[in-house]
Structures are given as C-alpha cells and as structure tokens.
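# Architecture at a glance
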Amino acid sequence: MIQIKTDDDVEVMRNSAKLAAEVLLMIEPYVKPGVTTNRLNQLCHDFIVSHGAIPSPLDYRGFPKSICSSINEEICHGIPSDRKLRNGDIVNLDITTYLNGFHGDTSRMFYVGSARKKVSRLVETCKESLQRAIELVRPGAHLGDIGATIQNIAEGKGYSVVREFCGHGIGRNFHEDPQVLHIGKFGEGVELKKGMVFTIEPMLNEGKPDLKILPDKWTAVTQDGLASAQFEHTVAVLDNGYEVLTRLNGQTDF
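This write-up is about the structure you can find in this document. (Residues numbered from 1 in each chain as written. Predicted model: local features only at pLDDT ≥ 70, side-chain atom pairs only at ≥ 80, totals over all residues. Heavy atoms only, no water.)

### A few points about the overall build of the protein chain
For the protein chain, the count of helices and strands is 4 helices and 15 strands. In terms of C-alpha radius of gyration, the protein chain reaches 17 Å, essentially the compact-globule figure of 18 Å for 254 residues. The principal-axis extent of the C-alpha atoms belonging to the protein chain is close to 45 × 45 × 35 Å. Expressed as a percentage of its 254 residues, the buried residues of the protein chain come to 54%. A total accessible area of about 11200 Å² is found for the protein chain, and carbon and sulfur atoms account for 49% of it. Within the protein chain, one finds 28 positive and 33 negative side-chain charges whose respective centroids are separated by 5 Å. (Helix = DSSP H or I, 4+ residues; strand = E, 2+ residues; numbered from the N terminus. Rg over C-alpha atoms; globule rule 2.2 N^0.38 Å. Buried < 20%, exposed > 50% of the residue type's maximum accessible area, 1.4 Å probe, protein only. Areas by Shrake-Rupley, 256 points an atom, 1.4 Å probe, with all protein chains shown as cover. Lys, Arg positive; Asp, Glu negative; His and termini not counted. Charge placed at Lys NZ, Arg CZ, Asp CG, Glu CD.)

### As for the state of the cysteines
Across all of its chains, the model carries 0 disulfides by this definition. The cysteine Cys126 is free of any disulfide, with Cys76 supplying the nearest cysteine sulfur at 12 Å. Summary of cysteine pairing: Cys166 is not part of a disulfide, and the nearest cysteine sulfur, belonging to Cys76, is at 10 Å. (Disulfide = S-S within 2.5 Å.)

### As for helix 3 (residues 117–134)
Helix length check: helix 3 (18 residues) gives 26 Å between terminal C-alpha atoms against 26 Å at 1.5 Å per residue, within 8%. Residues of helix 3 that are buried include every one of Val119, Ser120, Leu122, Val123, Thr125, Cys126, Ser129, Leu130, Ala133 and Ile134, and no others. (Expected span 1.5 Å × (residues − 1).)

### A short note on the sheet that holds strand 10 (residues 203–205)
Read across the open sheet, the 3 strands follow the order 6-10-13; overall the sheet is antiparallel. Here the strands that pair on one side only, and so sit at the sheet edges, are strand 6 (160–161) and strand 13 (228–230). Judged from the 3 bridges that link them, strand 10 and strand 13 form a sheet pairing that is antiparallel. Within strand 13, the residue paired with Asn205 across the bridge is Ser228. (Pairing = 2+ DSSP bridges.)

### Concerning the nonpolar core
Within the largest apolar cluster, 53 residues are counted, with the highest numbers of intra-cluster contacts made by Leu93, Ile146, Phe198 and Ile200. Secondary structure elements with two or more residues in this core: helix 1 (7–27), helix 2 (37–50), strand 4 (90–99), strand 5 (102–111), helix 3, helix 4 (143–156), strand 9 (197–200) and strand 14 (233–237). Element by element, the count of residues in this core is highest for helix 3, at 7 residues. Residues contacting Leu93, with those up to four places away along its chain left out, are Leu24, Ile27, Val31, Leu40, Ile67, Cys68, Ser69, Thr106, Ser107, Arg108 and Phe110. Residues Ala17, Phe102, Ile170 and Val197 belong to the second largest nonpolar core, which totals 8 residues. (Core = buried A, V, L, I, M, F, W, Y, C linked by side-chain atoms within 4.5 Å. Contact = heavy atoms within 4.5 Å.)

### Section: the pairing of strand 4
Among the 10 residues that make up strand 4, 9 are buried, leaving the element largely enclosed by the rest of the structure. In this structure, strand 1 (residues 54–55) lies alongside strand 4, joined through 2 bridges in antiparallel fashion. Following the sheet pairing, Pro55 is matched in strand 4 by Thr97. As judged from the 4 bridges shared by strand 2 (residues 68–71) and strand 4, these two strands associate in the antiparallel manner. Within strand 4, the residue paired with Ser70 across the bridge is Asn92. Bridge analysis of strand 4 against strand 5 gives 10 bridges, and the strand direction is antiparallel. Residue pairing in the sheet places Val91 in a bridge with Phe110 of strand 5. In sequence, strand 4 turns back onto strand 5 through a hairpin of 2 residues, with Asn100 there showing a positive phi of about 55°.

### Some remarks on the packing of helix 1 against helix 2
Orientation of helix 1 relative to helix 2, taken along the N-to-C sense of each, is 140°, at an axis distance of 10 Å. Taken together, the axes of helix 1 and helix 2 lie oblique to each other. Helix 2 is crossed by helix 1, and the crossing has right-handed handedness. Facing Leu19, Glu22, Val23, Met26 and Ile27 of helix 1, the residues of helix 2 in contact are Leu40, Leu43, Cys44, Phe47 and Ile48. (Axes fitted to C-alpha atoms, helices over the stretch in contact; angles between N-to-C directions. Parallel < 35°, antiparallel > 145°, perpendicular 65-115°, else oblique. Left-handed = near helix turned anticlockwise from the far one by under 90°.)

### Remarks on the pattern of salt bridges
This model, assessed by the stated rule, comprises 14 salt bridges. Put simply, Arg108 and Glu28 hold a salt bridge, and the shortest N to O gap is 3.7 Å. With Arg108 in strand 5 and Glu28 in the loop between helix 1 and helix 2, this residue pair connects regions lying 80 residues apart in the sequence. Here Glu155 makes a salt bridge to Arg163, at a shortest N to O gap of 3.8 Å. Looking at Glu155, the relative accessible area reads 38%, which means it is partly exposed. Several salt bridges converge on common partners, so that one network encompasses Asp7, Lys194 and Asp239. (Salt bridge = Lys/Arg side-chain N within 4 Å of Asp/Glu carboxyl O.)

If you want it as structure tokens, here you go:
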C-alpha cells in the first residue's frame, strides 16, 4: 500500500528532510584525506542528535552505525570504520534522519582531495540523471518515466545502472511502497499522485552492473572493482509538480 501524505504530513516531513540536507552541508569540510569514516559518522551522529532527531540507520535491521559511507567501488550501505580517506577517493555519505515522526533521506558523492577526471565524469553523470528524473515528477507521470530517464542518461554515456537496489517510499516508515526503480520504460509503472513521497537514488557503475555483498552482510561492491556513484533526494509530488524536500533553499548544484 502506498501511503498518501496529507499537506500537514508533508509540512512535518520538510523539517526532517531539511535536517538531513543540513547534515550533508555540515560534514563537507571534514571530508578530506586522512579522516576516517568513523570520524565522519560520529560528527553526523552528534549533529543529528543535537537537533532533537534520531539517525534512522542506527540499529535498523542491525546496521551498526548512524550513516552509510561508501568509498570508490562500494555501491551502497558501507559501514563507517577506521579506514582513512585518501586523496583521489570518492565517497558517498547517506544520511537519514527521524524527526517528529517522519524520516528524511538523502545522499551525495564527495571528492576527497583532488578529483580524478575519469571518475568525476561518472559522478557528474549520476548527479545529472537524478536531476533529470526529478524534473519529470508530477501527478499523472509514471515511475517508469523516472527509471527510463536515468537508464537512458547512464547507458548513453557508457555506464551501467545497479538493479538490485532502488528508491523507495518514505514517511513514518524508513522504507515504504512504492519501489522506485532506476531502469524502466516511459509510461509504465505506478502513476504518480499528489501526496506520494519517495526517494530517487540512482547508483551508476563505471563498469558492469554486477555486485556482491561483503561478509559484513551490508556493504555492496562492484564485482569488477570499478567505481560506483550515487546521489539521492526525497521528493514529494505536489498539485502541479514536485518539491525536493532534501534540497536546501538556494541550493543549485545538488
């Protein structure tokens, strides 16, 4: 069952989503060579808690940390550790906050030190695919429009789309219906209606789409060891379009 949010629900969700976005803004100066992902996790945890919220991933189905940190070939659900970031790495930080009964979910890629040209093209393509997909969100559109847009952009530039993970409805629950696939065909899938709130979170691989799960039972990595990138926003369907709940006012680059 897809949970349709009322205008009041969406208003409350704005606060949780805004906080998640603020976490990504806060942590950016700390993403640099020599810093451990455990340190980033602790900084994010403290910031979230200090604002009266709970980090949604902590203890979710046994996940041991407050954020996900996925480096280079790690696709998603990386567990923060004592691993130090190195110059040239890329890292996705995935933030979900629970505030006043609702979740807000967002993630983005960070360059660690100097960006590598080859990998930066992957990162920027992933960001573009998310933005182009968001622009299609409105009542009467279909989830297949989102997936087809992402797939066409990614594959058109020689990248692959991860199939095993997708976006999801979000609200009072961390994960709700519908599933938001990042592949598809225009005009197919669930029709969008006002009050639907979901994440769009494309994961693009430099090489093949195949993945494997590490022994920690969480971290997904590319089978070929090549880089992966992901961006994510929480999006609400409005009367005549959309609102990116996890985009701060004045933010234009993500």
